[in-house]
Amino acid sequence: PGPVDQLAFNDSVIAPSTRKKINNLLNLMDQRLNVAQRVAKSKWNSGASVNDPKRELQILDSVAAQADALGGLNPALVRHFFQDQFDAGKIIQNDLLSEWRKSIPTEYKFDDAPDLARDIRPILDKLTPALIAALRDVQPILADPGVHGYVSQTAITLIRGDVNGAVRRQALRGLME
Ligand SMILES: O=C(O)C(=O)C[C@]1(C(=O)O)C=C[C@@H](O)C=C1
């Protein structure tokens, strides 16, 4: 088959129900990553470090427990997936903070920066169960033919993240293994 047939074949091999599940997961990942800009602003103002291993561990323990209660999820995949989302968000935070360090006086404070504990973490916590449910839907189809290709292709439009794709690649790492 020529390139066009090949495309048609690849496209049709992904069932609509499969696409829907993957798109749902990618959308939620994008929503979570979009919070990172506001996290960075609040950390610029407070001076807190981007990396908070204690908070990460708290989330990982909580997602492992939620996944366990839900059933049907590989605990290693869930942990790996959430660690990937933290790491991808930290790329965004670090990129922004290093840009600001170069362009904004250190004493400057954003007047629209949210409060991490009061405004931001509740948003992330609200996304967590939705991400777990979406991951549970996707887990059984991850090894299906064409799914990796569909995920990486669709992620280009659904996960905006950054210009060079490093954020997206980091966010997808565990799904593509
Ligand atoms: O809550 C924070 O402090 C964040 O920066 C967000 C987040 C996350 O993605 O959940 C990312 C990095 C930190 O190590 C901990 C958590």
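On a predicted model such as this, the values are computed, not experimentally measured, just so you know.

The rules we used
Residues numbered from 1 in each chain as written. Predicted model: local features only at pLDDT ≥ 70, side-chain atom pairs only at ≥ 80, totals over all residues. Heavy atoms only, no water. Helix = DSSP H or I, 4+ residues; strand = E, 2+ residues; numbered from the N terminus. Buried < 20%, exposed > 50% of the residue type's maximum accessible area, 1.4 Å probe, protein only. Polar contact = N/O pair within 3.5 Å; in protein donor to acceptor, adjacent residues only side chain to side chain. Contact = heavy atoms within 4.5 Å. Near = heavy atom within 4 Å. Areas by Shrake-Rupley, 256 points an atom, 1.4 Å probe, with all protein chains shown as cover. Nonpolar A, V, L, I, M, F, W, Y, C, P; charged D, E, K, R; others polar. Salt bridge = Lys/Arg side-chain N within 4 Å of Asp/Glu carboxyl O. Expected span 1.5 Å × (residues − 1). pLDDT = per-residue confidence, 0-100. Phe/Tyr/Trp six-rings, centres within 6.5 Å; stacked < 30°, edge-to-face > 60°. Lys NZ or Arg CZ within 6 Å of the ring centre and 35° of its normal. Core = buried A, V, L, I, M, F, W, Y, C linked by side-chain atoms within 4.5 Å.

J.: For the side chain of Gln85, give the residues involved together with the corresponding values.
T.: Tracing the chain through its elements places Gln85 in helix α5 (residues 75–103). On the basis of relative accessible area, Gln85 is assigned to the buried category, the value being 2%. Reaching out from Gln85, the side chain makes a polar contact with the backbone oxygen of Phe81 at a distance of 3.0 Å. Residues in contact with Gln85, not counting those within four places in the same chain, are Met29, Arg32, Leu33 and Ala171.

J.: Could you give an account of the site of the ligand, with specific residues and numbers?
T.: Neighbouring residues of the ligand: 15 residues in total, closest Arg32, Lys43, Asp52, Glu56 and Arg121. Between the ligand and the protein, one listed contact pairs an oxygen atom with a backbone N or O atom of Asp52 at 2.8 Å. Contact distances for the ligand include 2.9 Å between an oxygen atom and a side-chain N or O atom of Gln93. Burial of the ligand by the protein chains amounts to 98% of its free accessible area of 360 Å². Each residue belonging to the shell around the ligand can be placed in one class, and the counts come to six nonpolar, two polar and seven charged.

J.: Please give an account of the pattern of salt bridges that cites residues and values.
T.: Scanning the model with the defined rule gives eight salt bridges in all. Where Asp112 meets Lys41, a salt bridge forms, and the shortest distance between an N and an O atom there is 2.9 Å. In this pair, Asp112 sits in the loop between α5 and α6 (116–138) while Lys41 sits in helix α3 (residues 36–46), placing the two residues 71 residues apart along the sequence. Using a relative accessible area of 49% as the deciding quantity, one classes Asp112 as partly exposed. In this structure, Asp52 and Arg121 form a salt bridge, with 2.9 Å as the shortest nitrogen-oxygen distance. Highlighted residues: Asp52 in the loop between α3 and α4 (53–70) and Arg121 in helix α6, separated in sequence by 69 residues.

J.: Any chance you could break down helix α2 (residues 16–34) for me, citing the residues and the numbers?
T.: Taking 1.5 Å of rise per residue, the 19 residues of α2 would be expected to cover 27 Å, and the 26 Å separating its terminal C-alpha atoms lies within 8% of that figure. Within the sequence span of α2, burial applies to Thr18, Ile22, Leu25, Leu26, Leu28, Met29, Asp30, Arg32 and Leu33. The inward-facing, buried residues of α2 abut α3, α4, α5, α6, α7 (147–158) and α8 (166–172).

J.: Tell me about the confidence of the model for the chain, and please be specific about residues and values.
T.: When pLDDT is averaged along the chain, the result is 92, and 93% of the positions lie at 70 or above. Low confidence marks residues 5–9, where pLDDT is under 50. Its contacts with residues over four positions away, or in another chain, come to one contact.

J.: Explain the packing of aromatic side chains to me, using residue names and the numbers behind them.
T.: For the structure on display, the rule yields five aromatic pairs. Members of the aromatic cluster, connected to one another through ring pairs, are Trp44, Trp100, Tyr108 and Phe110. Over the ring of Phe110 we find Lys41, and its NZ or CZ is 5.1 Å from the ring centre.

J.: Got a sec to walk through the nonpolar core? Specific residues and values, please.
T.: Note on soluble globular proteins: their nonpolar side chains tend to be buried together. If you look at the biggest cluster of nonpolar residues, it comprises 45 residues, and the most contacted ones within it are Leu25, Met29 and Phe82. Those elements that provide at least two residues to this core are α2, α3, α4, α5, α6, α7 and α8. Ranked by size, the runner-up nonpolar core spans five residues in total, among them Val35, Val39, Ile120 and Leu124.

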